[in-house]
Amino acid sequence: YFDKQLRTILETPAGYEPSLKNALHFFDKDFHKIVIEEFENSKKRKSGEYEVKMVSYKGNLFWARVIAKPILDSRKKIVGVRGIIVNIDEEKKKEIALQNSISTIESNNTRLFKFANYVSHNLKLHINNLELTSQLFDDNKLSQDEKDLLYNYKETTKGLASTVSQLNEVVSIQ
């Protein structure tokens, strides 16, 4: 038996008569195994709840939360199912979109972290070389223009070292 609400959700015509034999047609093929397992396991427990992708009578796909309880005959054979089907399509699509966004953000963060480590390591190597090179000069033997140039060289090296230090701080926050 389908009540009015279930007929609306499943888009069945007014005269449609449901049966256990045809019930699987209302579930997406990717979920048939889960539905069958839940149906078989329902013999052992009183009820079950799960989320599945369903197919309406008109062929429209949607997500649903199914809460079902088997109806057993005197021989403990399932002769029907009593329960609730709630259309959760919009909520599930938002949940999936959010999960995809989180995965994208995590992937981008990982790539950014690797990039920052790579840049930090390579810049640090070159800055150390610049600092060592600047120490090789004897200031006493240089003209004033050369001293000014060396001073600018050292200041640029200090600036780069400071930038790498800040980059290392950002990387260490990860």
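Remember, predicted model here, so these are calculated numbers, not experimental data.

Engineer: I'd like a rundown of the confidence of the model for the protein chain, residues and numbers included.
Structural biologist: When the pLDDT values of the protein chain are averaged, the result is 89; 99% of them are 70 or greater. When pLDDT is averaged over each element of the protein chain, strand 1 (residues 48-55) comes out on top at 93 and helix 4 (residues 144-173) at the bottom at 86.

Engineer: Give me the packing of aromatic side chains: which residues, what numbers.
Structural biologist: Going through the model one piece at a time under the given rule, you end up with 5 aromatic pairs. Measuring from ring centre to ring centre gives 6.0 Å for Phe-2 and Phe-26, while their planes differ by 70 degrees; the resulting arrangement is edge-to-face. With a gap of 24 residues between them, Phe-2 in the segment before helix 1 (4-10) and Phe-26 in the loop between helix 1 and helix 2 (32-41) connect regions that are remote in the sequence. An aromatic cluster of at least three residues, connected via ring pairs, comprises Phe-2, Tyr-16, Phe-26 and Tyr-57.

Engineer: Let's hear about the pattern of salt bridges: which residues, and what values?
Structural biologist: Scanning all chains against the criterion turns up 7 salt bridges. The closest approach of N and O atoms between Lys-92 and Glu-51, which form a salt bridge, is 2.8 Å. Here Glu-51 lies in strand 1 and Lys-92 lies in helix 3 (residues 89-135), a separation of 41 residues in the sequence. With a closest N to O distance of 3.5 Å, Asp-73 and Arg-75 form a salt bridge. For Asp-73, a relative accessible area of 22% gives the class partly exposed. With a relative accessible area of 66%, Arg-75 lands in the exposed category.

Reading the values: the criteria
- Residues numbered from 1 in each chain as written.
- Predicted model: local features only at pLDDT ≥ 70, side-chain atom pairs only at ≥ 80, totals over all residues.
- Heavy atoms only, no water.
- pLDDT = per-residue confidence, 0-100.
- Helix = DSSP H or I, 4+ residues; strand = E, 2+ residues; numbered from the N terminus.
- Phe/Tyr/Trp six-rings, centres within 6.5 Å; stacked < 30°, edge-to-face > 60°.
- Salt bridge = Lys/Arg side-chain N within 4 Å of Asp/Glu carboxyl O.
- Buried < 20%, exposed > 50% of the residue type's maximum accessible area, 1.4 Å probe, protein only.

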